[in-house]
Amino acid sequence: FIFDSRSFGKFTLVIGTEAPSIELRSQKPSTVSSNTELVFRIKDDKAGITEYDAYFNNRWVLAEYDPKRNALTVDFEYFDLEENTGTLEVVVKDAVGNEEREILNF
């Protein structure tokens with residue numbers, strides 16, 4: 001690797017091979033309704049989170065990421081839910097392409 005720097009100092013080259021972590025912080029309900037909100041803790045120690053998506057029964061749902069709290073919130077309030085049971089899949093990617101998936105069944 002060759003690089004230029006405007007300052008002196010020690011430099012380290014790091015390879016990010018670990019996928020981001022996903023942890024459910026709120027309690028998982030047995031069914032999903034329009035007032036359901038789930039909060040996940042998502043974290044990547046090296047490259048940082050660059051992409052996140054959530055799918056309920058293979059349909060994309062809005063997810064809001066708060067980097068200060070490392071929190072990803074999935075709020076079902078604005079979606080027309082035909083059924084109150086199914087599968088939620090959360091997908092998180094970091095800046096180097098490592099990917100983690102979390103699947104919850106309701």
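Okay, so let's go over this structure. (Residues numbered from 1 in each chain as written. Predicted model: local features only at pLDDT ≥ 70, side-chain atom pairs only at ≥ 80, totals over all residues. Heavy atoms only, no water.)

### Brief notes about the pairing of strand β7 (residues 87-94)
Line of reasoning, step 1. Taking burial as the measure, the eight residues of β7 include six buried ones, the bulk of the element.
Line of reasoning, step 2. Strand direction decides the pairing type here: strand β3 (residues 49-56) and β7, joined by seven bridges, are antiparallel. The partner of F56 across the bridge, within β7, is L88.
Line of reasoning, step 3. When β7 meets strand β8 (residues 99-105), the two strands line up antiparallel, connected through seven bridges. (Buried < 20%, exposed > 50% of the residue type's maximum accessible area, 1.4 Å probe, protein only. Helix = DSSP H or I, 4+ residues; strand = E, 2+ residues; numbered from the N terminus. Pairing = 2+ DSSP bridges.)

### Section: the sheet that holds strand β5 (residues 63-66)
Pairing between sheet strands relies on hydrogen bonds along the backbone, with the strands arranged either parallel or antiparallel.
Line of reasoning, step 1. Here we have four strands laid out as an open sheet, ordered β1-β2-β6-β5, and antiparallel in their pairing. Whereas interior strands pair on both sides, the edge strands pair on one side only; in this sheet they are β1 (21-24) and β5. The mean inter-strand angle of the sheet, taken between neighbouring strand axes irrespective of direction, is 25 degrees.
Line of reasoning, step 2. Direction of pairing for β1 relative to strand β2 (residues 37-43): antiparallel, over a ladder of four bridges. Counterpart to L24 in the pairing with β2 is F40. (Axes fitted to C-alpha atoms, helices over the stretch in contact; angles between N-to-C directions.)

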